[in-house]
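For reference, the chains in residue letters:
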Amino acid sequence: MLTPDDSPLLERERHGATRERMLRQLASALEIGSAAAPLVLLLEDLHWADPSSVQLLAFLAQRRQEARLLVVASFRPVDV
């Protein structure tokens, strides 16, 4: 649980964050989350996805580390 005393630390961490670091950390979180049991990530309506979400999906698809992660995504090609 975060407390008000944690705010300065979180602020310093946020300023040092890069896009690549955040992608790595999200991928690591998904790997950790899938360690005990397989994890299904369901993404619907990708035709409305923002560029950052598409970048995360591409990053996950290119990773070579083992993860018990199934990514299911849907989109409408007509809307892309």
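Everything below is about the structure printed above this text.
Everything in this summary refers to the structure shown in the same document. (Residues numbered from 1 in each chain as written. Predicted model: local features only at pLDDT ≥ 70, side-chain atom pairs only at ≥ 80, totals over all residues. Heavy atoms only, no water.)

Mapped onto the elements, P38 comes out in the loop between α2 (19–33) and β1 (39–43). Judged by its relative accessible area of 61%, P38 falls in the exposed class. Considered as a pair, P38 and L70 are 32 residues apart in the sequence and their alpha carbons are 7.7 Å apart. (Helix = DSSP H or I, 4+ residues; strand = E, 2+ residues; numbered from the N terminus. Buried < 20%, exposed > 50% of the residue type's maximum accessible area, 1.4 Å probe, protein only.)

The topology assignment puts D45 in the loop between β1 and α3 (51–62). In this structure the C-alpha to C-alpha distance between D45 and S74, which are 29 residues apart in sequence, comes to 5.6 Å. In this structure, D45 is in contact with S74 and R76, ignoring residues within four places of it in sequence. (Contact = heavy atoms within 4.5 Å.)

Right, let's talk about the pattern of salt bridges for a bit. On inspection of all chains with the given rule, the structure shows 2 salt bridges. Of the charged contacts in the structure, one is a salt bridge between E31 and R63, with a shortest N-O distance of 2.6 Å. Placement of the pair is E31 in helix α2 and R63 in the loop between α3 and β2 (69–73), with a sequence separation of 32 residues. What makes E31 partly exposed here is its relative accessible area of 22%. One salt bridge connects D45 with R76, and the closest N-O pair in it is separated by 3.9 Å. Separated by 31 residues along the polypeptide, D45 in the loop between β1 and α3 and R76 in the segment after β2 bring together distant segments of the chain. R76 gets classed as partly exposed once you look at its relative accessible area, which sits at 41%. (Salt bridge = Lys/Arg side-chain N within 4 Å of Asp/Glu carboxyl O.)

By themselves, these figures tell us nothing about what the structure is for.
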